[in-house]
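Listed below, chain by chain, are the residues.
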Amino acid sequence: MAAHRDYFSGWRDETFDCTCGWSGTSSGMSMEMFAALAEYTCGGCDAHLILVSFPTGADIKQAAASGNEEARSMLGAVLRREWERCAPWLDEARATPGFAAFWDDGPAGTRAYVLACVALAGLDARGPADRAQLYGELLTEPRATVVERLSHGEVPGEAVNTLERCDAARFQLADWTALFAQLGDAKTRRALSHLAQVSTTLVRQLDAIPVALRLPSLLELLTTLAVDAEHWARITGALEEVGPDRRPTLLRGARDVETAGNLFDLLYRCTDAALATTMARQGPVDLGPRFLPLIGADAMRAEGERMDNCLGRLVDRAMRGQSAYFAWCGEPRATVELCAVAGNWMLGEVNGHANEPVGPSTEAAVRAAVVEALGPDAVRDGHEAAGRVRGAAFEQWMAAGRRGFPDHDRADLAEVLWSLHGRALGPGDGAYVILEIPDGAYVQVLADRGSTYLVEISSHRYIPGVSDHLTSATVRLLEESGFEWPRDQANFQRILLVERHTDCVDLADFALGALRDMFGVREFSELRREVHVPRGDIELAVNAHMESLLEK
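Conventions used here
As a convention, each chain's residues are numbered from 1 in the sequence order in which they are written. Given that the model is predicted, a residue must reach a pLDDT of at least 70 before its local features are reported, and side-chain atom pairs must reach 80 or more before they are shown or counted; all residues, however, enter totals for whole chains, interfaces and linings. Heavy atoms throughout the structure, all of them, feed into the side-chain values; hydrogens and water do not. Any Lys or Arg side-chain nitrogen found within 4 Å of a carboxyl oxygen on Asp or Glu counts as a salt bridge. Each helix corresponds to a stretch of at least 4 residues labelled H or I by DSSP, and each strand to a stretch of at least 2 residues labelled E; elements are numbered beginning at the N terminus. Using a 1.4 Å probe on the protein chains alone, a residue whose accessible area is under 20% of its type maximum counts as buried, one over 50% counts as exposed, and one in between counts as partly exposed. Contacts were defined at the residue level, with two residues in contact if any of their heavy atoms lie within 4.5 Å. We call two strands paired when DSSP finds no fewer than two bridges between them. Axis definition: a line fitted to C-alpha atoms, limited for helices to the stretch in contact. Angles are taken between N-to-C directions and run from 0 to 180 degrees. The definition of a nonpolar core used throughout is a set of buried Ala, Val, Leu, Ile, Met, Phe, Trp, Tyr and Cys residues joined through side-chain atoms within 4.5 Å. Two aromatic rings from Phe, Tyr or Trp, using only the six-membered ring of Trp, form a pair when their centres are within 6.5 Å; if the ring planes differ by under 30 degrees the pair is stacked, by over 60 it is edge-to-face, and anything between is tilted. Here, a charge over a ring means that NZ of Lys or CZ of Arg falls within 6 Å of the ring centre while also lying within 35 degrees of the ring normal. To estimate the expected span of a helix, count its residues, drop one, and scale the result by 1.5 Å. As used here, the arc belongs to the directions running from the helix axis to the C-beta atoms. Note on terminology: angles under 35 degrees are roughly parallel, angles over 145 are roughly antiparallel, angles of 65 to 115 are roughly perpendicular, and the others are oblique. Left-handed describes a crossing in which the near helix is turned anticlockwise from the far one by less than a right angle; the clockwise case is right-handed. Polar here means any residue other than Ala, Val, Leu, Ile, Met, Phe, Trp, Tyr, Cys and Pro, which are nonpolar, and Asp, Glu, Lys and Arg, which are charged; Gly is therefore polar.

### Looking at the pattern of salt bridges
Step number 1: Under the counting rule described, the total for this entry stands at 26 salt bridges.
Step number 2: In this structure, Asp104 engages Arg94 in a salt bridge whose closest nitrogen and oxygen atoms are separated by 3.0 Å. Taken together, the residues Asp104 in helix H3 (residues 99–105) and Arg94 in helix H2 (residues 69–94) connect sequence positions 10 residues apart.
Step number 3: We classify Asp104 as partly exposed; its relative accessible area is 38%.
Step number 4: A relative accessible area of 34% places Arg94 in the partly exposed class.
Step number 5: Three or more residues are tied together by salt bridges with common partners; here these are Asp228, Glu230, Arg234, Arg476 and Glu479.

### Regarding the side chain of Ser26
Step number 1: Note that Ser26 resides in the loop between strand E3 (23–24) and strand E4 (30–33).
Step number 2: A relative accessible area of 9% places Ser26 in the buried class.
Step number 3: Setting aside residues up to four positions removed in sequence, Ser26 forms contacts with Trp11, Arg12, Tyr40 and Ile50.

### A closer look at the sheet that holds strand E5 (residues 37–41)
Step number 1: One open sheet accounts for 4 strands, arranged E1-E6-E5-E4; its pairing is mixed. In this open sheet, the two strands that pair with only one neighbour each are strand E1 (3–5) and E4. In this sheet, adjacent strand axes meet at a mean angle of 20 degrees when their direction is disregarded.
Step number 2: With 4 bridges connecting them, E4 and E5 associate as antiparallel partners. Paired with Met31 across the strands is Tyr40, a residue of E5.

### Let's talk about the nonpolar core
Step number 1: Ranked by internal contacts, the top residues of the largest apolar core, which has 116 residues, are Trp176, Leu222, Leu263 and Ile457.
Step number 2: Element by element, the count of residues in this core is highest for helix H21 (residues 501–519), at 10 residues.
Step number 3: In contact with Leu222, other than residues within four places in its own chain, are Ser199, Thr201, Leu202, Gln205, Ile209, Val227, Trp232 and Leu263.
Step number 4: In terms of nonpolar packing, the next biggest core, distinct from the first, is built from 16 residues, Phe291, Ala324, Ala369 and Ala378 among them.

### Looking at the sheet that holds strand E13 (residues 452–457)
Within a sheet, each strand pairs with its neighbour through backbone hydrogen bonds, oriented either parallel or antiparallel.
Step number 1: Pairing is antiparallel in the open sheet, where 5 strands are placed in the order E14-E13-E12-E11-E15. Strand pairing shows two members of the sheet lacking a second neighbour, strand E14 (492–497) and strand E15 (528–532), which therefore form its edges. The mean angle between the axes of side-by-side strands here comes to 15 degrees, regardless of whether they run parallel or antiparallel.
Step number 2: Bridge count for strand E11 (residues 431–436) against E15 is 5 bridges, and the pairing is antiparallel.

### Let's talk about the packing of aromatic side chains
Step number 1: Under the criterion given, the structure shown has 15 aromatic pairs.
Step number 2: Above the ring of Tyr268, the side-chain terminus of Arg234 is found at 5.8 Å from the ring centroid.

### Observations regarding helix H5 (residues 128–140)
Step number 1: End to end, H5 covers 19 Å across 13 residues, agreeing with the expected 18 Å (1.5 Å per residue, within 8%).
Step number 2: Buried within H5 are the following residues: Arg131, Leu134, Tyr135, Glu137 and Leu138. Axial view of H5: buried residues confined to an arc of 160 degrees, hence all on one face. What points out from H5, more than 90 degrees from its buried face, is the exposed set Pro128, Ala129 and Thr140.

### Examining the side chain of Asn309
Step number 1: Within the fold, Asn309 resides in the loop between helix H14 (296–307) and helix H15 (315–319).
Step number 2: Each residue touching Asn309, except ones within four places of it in the same chain, is listed here: Glu303, Gly304, Thr335 and Asn355.

### Examining the environment of Ala77
Step number 1: Relative to the helices and strands, Ala77 resides in helix H2.
Step number 2: Sequence separation between Ala77 and Glu349 is 272 residues, and the spatial gap between their C-alpha atoms is 57 Å.

### Regarding the pairing of E11
A regular strand places its side chains so that they alternate between the two faces of the sheet.
Step number 1: In terms of residue burial, E11 counts as a mostly covered element, since 5 of its 6 residues are buried.
Step number 2: Remark: 5 residues form the turn of the hairpin made by E11 and strand E12 (residues 442–447), two consecutive strands paired antiparallel; Gly440 in that turn has positive phi of roughly 105 degrees.

### Regarding the pairing of strand E8 (residues 323–328)
Step number 1: Of all 6 residues making up E8, 6 are buried, and the element is well covered by its neighbours.
Step number 2: Side chains Ser323, Tyr325 and Ala327 of E8 all project onto a buried face; the interleaved residues Ala324, Phe326 and Trp328 project onto the opposite face, where all are buried too.
Step number 3: Two elements, strand E7 (residues 291–293) and E8, share 3 bridges in a ladder whose sense is antiparallel. In the sheet register, Phe291 faces E8, and the bridge partner there is Trp328.

### Concerning the packing of helix H11 (residues 229–241) against helix H20 (residues 472–480)
Step number 1: Contact pair H11 / H20: the axes reach a minimum separation of 10 Å and the direction vectors enclose 70 degrees. As summarised for this structure, H11 and H20 are arranged roughly perpendicular, according to the angle between their axes. Contact residues: Glu230, His231 and Arg234 in H11; Ser472, Val475, Arg476 and Glu479 in H20.

### Regarding the environment of Leu173
Step number 1: Inspection of the secondary structure assignment puts Leu173 in helix H7 (residues 173–182).
Step number 2: Classification of Leu173 by relative accessible area gives partly exposed; the value is 44%.
Step number 3: Remark: the alpha-carbon pair of Leu173 and Arg214, spanning 41 residues in sequence, is separated by 23 Å.
Step number 4: Beyond its immediate stretch of four places on either side in the chain, Leu173 contacts Ala119 and Leu120.

### Let's talk about the packing of helix H4 (residues 110–121) against helix H6 (residues 143–151)
If you want to describe how two helices pack, look at the angle between their axes and the distance between the axes.
Step number 1: At their nearest, the axes of H4 and H6 sit 9 Å apart, and the two run at 25 degrees to each other. By the angle between their axes, H4 is roughly parallel relative to H6. Our pair here, H4 against H6, has a crossing hand that is left-handed. Contact with H4, carried on its side by Thr110, Tyr113, Cys117, Leu120 and Ala121, involves Arg143, Val146, Val147, Leu150 and Ser151 of H6 and no other residues of that element.
Step number 2: Of the residues contributing to the contact of H4 with H6, the split by class is 7 nonpolar, 2 polar and 1 charged.

### With respect to H14
Step number 1: In a regular helix each residue adds 1.5 Å, so 12 residues correspond to 16 Å; H14 covers 17 Å between its end C-alpha atoms and thus fits that length.
Step number 2: Those residues of H14 that sit buried are Gly296, Ala297, Met300, Glu303, Gly304 and Met307. The buried residues of H14 occupy an angular sector of 140 degrees when the element is viewed end-on, so they sit on one face. Away from its buried face, by an angle of more than 90 degrees, H14 presents the exposed residues Asp298, Glu305 and Arg306.
Step number 3: In the stretch just after H14, Asp308 is the one whose phi turns positive, near 55 degrees.

Read these as spatial facts, not as claims about activity.
Following this line, the structure appears as structure tokens:
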């Protein structure tokens, strides 16, 4: 049976398998077009594999609002067709005495007011007499009175002043309805009055934005940035969860939001505060008197500075409940990690100052205490298990890398990544590869002395221009791929366990897929490549070989 796909569902990038043994994407299939859909047949046996529905105008608008570039390119034609459908009603209205002058020379916002009322009135279902009556009312009655009657809600008189800022030609009935539903709030009206334009992108998320965050600077950003309902729900829930002592600080921080990076920083500050509140209420995991639980971002950053390690960059894992961190208060002091794996806490890394290994006696004491508190299964390698976790989002960017780059480029990068394995000599002399695009953003992979690779993607904290690439969809992919959100001067980063060459093949595909989807890289030649393996005769030869591969 053929699989049915919506037009904007990403079906072009899917791999389909046929019972005859053929496997491939739609580019290798035959296509036949019908009135409402296209049918794709197997490249091997002509079996029907995919049915793709053509998009409606509503589908195109919804996909365009979500950031789909193909839908955005189609949107202009849809809007032109809708305007043409409106034109007969406007021509009819202009025949009403005084209406032409009202339309052509009326005060600011007149055309937006007329278009709003035409949409709200549902002229398609009205007879000529009703339409003529409406045209007369538009000319003679107070605007708020007409809008209130048509929208079936209370509309303050000053609310109609917002219409002059609306991108009215793009508004649909649902947009006008959504806007008027929010204009009863005085703070919202005041904030909108400061905007150069009220866009459909803003209106379609306005009801999800907490009233306390409806600030002019933030709404200005949201005229072009579509933040999805799930992210707004997380912010709203977090603001409700934190106590009155934390909420004012979070709201004050919202005044500084000017970029997408700022906005998503606010999301994580809110969720951090809410989770810290919840964790404080529940209490930490109890490992015994020699362990100091590190609860919250401040405690983790302070311990990271004391121990000269990267603990301050792991706040996201702790806030999401993926890890818990403790200070071992014996001698010497150590940082202890618990990793959440399959619903259970497991012992992760135990490191001394500057991430140096602890001595055998310290490690034995920590393991014994964890076994006593959590049971023997807790001392399997949780850090290793966390490094194995990939998930559907990680696989999605791997697939983007496979689709977007030639096999030989992917294979060469995989060989370079494998050459780093175990080559680091210490914290200040690591083995790494950097793939940098012309505007300075990059993906970096840093290997340690074992089988752990640190994967970093440039963040807006280092390169402000990265904000231009952050959308709700991108943030979700980063999060679901296991990357930490940078709380301070840091990149997006995660650890990845690399045990064999095939892991580097996957990592190469992921890195190229992230560069393609997040930063728009289309050719391997666009990247500046830098490889470093710590010096030594063998390492120098490896460096030279790897550089020659990347320069091919």
